[in-house]
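# An overview of the molecular structure
One letter stands for each residue in the lines below.
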There are 2 protein chains.
Amino acid sequence: MQNALNTTASSKWVCVALNDLQQLKALQGTFNEAPYKQPPTQPVLYFKPRNTWNVDGATIDAPVGEPLVVGASIAVIIERECCRVSADQALDYVVGYRLLHDFSLPEQSYYRPDIKGKCLDGSAPLSEAQLAVTAIDTPNSLVVTTDVNGVRVAEQSVSQLHRNINTLIEAVSHIMTLQPGDLIAVGFPGERIALQPGDQVKSEIVGHIALTNSVGELSA
Amino acid sequence: MQNALNTTASSKWVCVALNDLQQLKALQGTFNEAPYKQPPTQPVLYFKPRNTWNVDGATIDAPVGEPLVVGASIAVIIERECCRVSADQALDYVVGYRLLHDFSLPEQSYYRPDIKGKCLDGSAPLSEAQLAVTAIDTPNSLVVTTDVNGVRVAEQSVSQLHRNINTLIEAVSHIMTLQPGDLIAVGFPGERIALQPGDQVKSEIVGHIALTNSVGELSA
């Protein structure tokens, strides 16, 4: 592990929605309805802008009367400028892996995550700890678990994602140039976890990194 | 005018879509169809991340075979942290106004601008020139014009927007905290302008600021 790269300088934090293979299969019927009438052909992306950036140990305040949910994802940290690279070159542009919690309001639509639900202040805690890319031979078999108040509520391997780490870096780097310190949160379990004020959320890249946050009490 | 604030450090650039009152009225029928079945109740926002940031005079390269379009907007530059402010206090948080070109691929959907179309590298040139907030008594009557190759193709007053500058700052600051150097592009004419390689695009905040960009030749 290393704490080398400062991702809180001038980065973009890109999250990938709808990358859980099981969820995708379950949604096939919905995808064929209006207005799109087909499943998404590109990765479904959203940003966590800097007002959302937060740290391990932070308490996240839920807006009054809104049902907060959370998901955990491996965050791939980009080391150097990365534009239109191929999947087999992709890891050459990565410095390491961190763990991200994405706190948000529940989605109304599966196609394009909405800004209001995804951009709550402080809603994107990122582990300070970083797993060096050189320490892991097979990142696509890393496993992420999430416990709420000590109870296991999610477990997902990167191998259960529709697009794996290499394929995502290829796809995203064809949509926009990735820059040093940028990150891609590669995928969340399809079912986000509903939270209550006071809940403790602990996720792990199993065997490597932990990230712990709590939900604040209601505030105006 | 002043060139004080450096917005290219660690900012978020928030653009407001669907804020042209005339366009909104024309789209009422579409809004009532699936999946939403009602007009948007919140401002429709999208981000221009840092790979899109660009400058006055820059040439923007169109992706091969893709139809590039452009719109111009006043960009409100935030001076200090701005969280849940009211419309009548909103201008206290603004340092000035700049001019933004948003080059993009044409929209397929009006509800949530898609990441691929909006995040082309270098697609968000911002004027270096900045009109001080103190120099303008009535920002909501500023007018933006756009010429392509010397021909007027768009003209819009802030007064033709559904939500004006004050109302937008109120709404956006309730969705996410705005930080020093952040900007809000308050609204574009509903009809984006289709461009060809080699076109010259010049926009003005009439009487104050100009911004000129050109479209590059096709590249792979």
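Throughout, a residue's number is its position along its own chain's written sequence, starting from 1. Written order determines the labels here, with chains lettered from A and ligands numbered from 1. It should be noted that, the model being predicted, local features are given only for residues of pLDDT at least 70 and side-chain atom pairs only at 80 or more, the latter also being counted only at that level, while totals for whole chains, interfaces and linings use all residues. Excluding hydrogens and water, the side-chain figures rest on all heavy atoms present in the structure.

## Regarding the interface of chain B and chain A
- The contact criterion used is simple: two residues touch if any of their non-hydrogen atoms lie within 4.5 Å. Counting residues at the interface gives 33 residues for chain B, matched by 33 residues for chain A.
- Summed over both partners, the accessible area (1.4 Å probe) lost when two parts come together is defined as the buried area. Summing both partners gives a buried area of about 2700 Å² for chain B against chain A, and 56% of it is carried by carbon and sulfur.
- By definition here, a salt bridge exists when the distance from a side-chain nitrogen of Lys or Arg to a carboxyl oxygen of Asp or Glu is within 4 Å. The salt bridge partner of Arg50 of chain B is Asp182 of chain A, with a shortest N-O separation of 2.9 Å.
- Within 3.5 Å is the distance limit for a polar contact, defined as a pair of N or O atoms, with the added protein rule that one can donate a hydrogen and the other accept it, and that residues adjacent in sequence qualify only through two side-chain atoms. Taken together, chain B and chain A are joined by 10 residue pairs in polar contact (both at pLDDT 80 or more).
- Think of it this way: any DSSP run of H or I at least four residues long counts as a helix, any run of E at least two long counts as a strand, and we number them from the N terminus. Breaking the side of chain B that touches chain A down by element, the ones donating at least two residues are strand S2 (44–47) and helix H3 (115–118) of chain B.
- Sort the elements by how many residues they give to the side of chain B that touches chain A and S2 of chain B lands first, with 3 residues.
- Throughout this entry, Asp, Glu, Lys and Arg are counted as charged residues, while Ala, Val, Leu, Ile, Met, Phe, Trp, Tyr, Cys and Pro are counted as nonpolar. The remaining residues, Gly among them, count as polar. Class assignment for the residues of the side of chain B that touches chain A results in 17 nonpolar, 7 polar and 9 charged.

## Looking at the relation of the copies chain B and chain A
- Rotating chain B by 180 degrees and moving it 0.0 Å along the rotation axis overlays it on chain A with an RMSD of 0.0 Å. Here the symmetry operator amounts to a two-fold rotation axis. No C-alpha of chain B lies nearer the rotation axis than that of Ser10 of chain B, which sits 2.2 Å from it.
- A high fraction, 100%, of the interface residues of chain B reappear at the interface in chain A, so the copies pair face to face through one surface. For this overlay, a least-squares fit was computed on C-alpha atoms, restricted to residues scoring pLDDT of at least 70 in both copies.

## Let's talk about the state of the cysteines
Residues and elements named next belong to chain B.
- Any pair of cysteine sulfurs within 2.5 Å is marked as a disulfide. Inspection of every chain in the model, using the stated rule, returns 0 disulfides over all chains.
- Sulfur of Cys83: no disulfide; nearest cysteine sulfur belongs to Cys82 and is 7.8 Å away.
- Cys119 takes part in no disulfide bond, and the closest cysteine sulfur, belonging to Cys15, lies 9.6 Å away.
- In this scheme, a residue with accessible area under 20% of its type's maximum is buried, one over 50% is exposed, and one in between is partly exposed, where area comes from a 1.4 Å probe on protein chains only. By relative accessible area, Cys119 is classed as buried at 1%.

## Some remarks on the side chain of Thr146 of chain B
Residues and elements named next belong to chain B.
- Along the chain, Thr146 turns up in strand S9 (residues 143–148).
- Among the residues examined, Thr146 registers a relative accessible area of 3% and is labelled buried.
- A polar side-chain atom of Thr146 sits 2.8 Å from a polar atom in the side chain of Ser203.
- Those residues in contact with Thr146 that sit more than four places away from it in its chain are Ala72, Val151, Arg152, Val153, Ala154, Ile193, Val201, Lys202 and Ser203.

## Side note on the sheet that holds strand S4 (residues 59–60) of chain B
All names here are of chain B.
- Strands are treated as partners if at least two bridges between them are detected by DSSP. An order of S4-S14-S13-S9-S10 is seen for the 5 strands of this open sheet, with the pairing classed as mixed. If you trace the sheet from one side to the other, it starts and ends with S4 and strand S10 (151–157), each paired once.
- Bridge count between S4 and strand S14 (residues 209–215): 2 bridges; the pairing is parallel. Bridge assignment links Ile60 to a residue of S14, and that residue is Val215.

## Brief notes about the packing of aromatic side chains
- Working definition: a ring pair exists when centres of Phe, Tyr or Trp rings (six-membered ring for Trp) sit within 6.5 Å. Plane angles under 30 degrees give stacked, over 60 give edge-to-face, the rest tilted. If you walk through the whole model with that rule in mind, you get 3 aromatic pairs over all chains.
- Taken together, a centroid distance of 6.3 Å and an interplanar angle of 90 degrees make the contact between Phe47 of chain A and Phe47 of chain B edge-to-face. A residue pair is termed interchain when its members come from two chains, as with Phe47 of chain A in strand S2 (residues 44–47) and Phe47 of chain B in strand S2.
- The exposure class of Phe47 of chain A is buried, given its relative accessible area of 7%.
- Measuring from centroid to centroid gives 4.8 Å for Trp13 of chain B and Trp53 of chain B, while their planes differ by 15 degrees, and the two rings are stacked. Taken as a pair, Trp13 of chain B in strand S1 (residues 13–17) and Trp53 of chain B in strand S3 (residues 53–55) lie far apart in primary sequence, 40 residues in all. Take Trp13 of chain B and Trp53 of chain B: they sit in the same class, and that class is buried.
- Lysine NZ or arginine CZ positioned within 6 Å of the ring centre and within 35 degrees of the ring normal marks a charge as sitting over the ring. Taking the ring centre of Tyr93 of chain A as reference, the NZ or CZ of Arg80 of chain A above it sits at 4.2 Å.

## Some remarks on the nonpolar core
- Ranked by size, the top nonpolar core spans 72 residues in total, and within it Tyr97, Ile169 and Met176 of chain A together with Tyr97, Ile169 and Met176 of chain B carry the most contacts.
- When near neighbours in sequence (up to four residues on either side) are disregarded, Ile169 of chain A contacts Val76, Cys82, Val85, Ala90, Val94 and Ile184 of chain A. Buried Ala, Val, Leu, Ile, Met, Phe, Trp, Tyr and Cys residues that are joined via side-chain atoms within 4.5 Å together make up what is termed a nonpolar core.

## What to know about the pattern of salt bridges
Residues and elements named next belong to chain A.
- Going through the model one piece at a time under the given rule, you end up with 18 salt bridges over all chains.
- We note a salt bridge from Arg152 to Asp147, for which the minimum N-O separation is 2.5 Å.
- Taken together, the salt bridges that share partners define one network made up of Lys48, Asp102, Lys118 and Arg192.

## Points about the sheet that holds strand S4 (residues 59–60) of chain A
All names here are of chain A.
- Taken together, the 5 strands give an open sheet; going across it, the order is S4-S14-S13-S9-S10, and neighbouring strands pair in mixed fashion. Each end of this open sheet is capped by a strand with a single partner; those strands are S4 and strand S10 (151–157).
- Across 6 bridges, the pairing between strand S9 (residues 143–148) and S10 is antiparallel. The residue of S10 that forms the bridge with Thr145 is Glu155.

## Section: the pairing of strand S6 (residues 94–104) of chain A
All names here are of chain A.
- The buried fraction of S6 is high, at 11 of 11 residues.
- Relative to S6, strand S5 (residues 69–78) runs antiparallel, the two sharing 10 bridges. Each bridged residue has a counterpart across the sheet, and for Ser73 the counterpart in S6 is Leu100.
- Here S6 pairs with strand S8 (residues 131–132) via 2 bridges, running antiparallel. Opposite Gly96, over in S8, you have Ala132 as the bridge partner.

## Considering unusual backbone geometry
- With a phi angle near 55 degrees, Arg84 of chain A is a residue other than glycine that sits in the positive phi range.
- Judged by its relative accessible area of 47%, Arg84 of chain A is partly exposed.
- Despite not being glycine, Leu18 of chain B has its phi angle at roughly 55 degrees, a positive value.
- Within the secondary structure layout, Leu18 of chain B lies in the loop between S1 and helix H1 (21–26).

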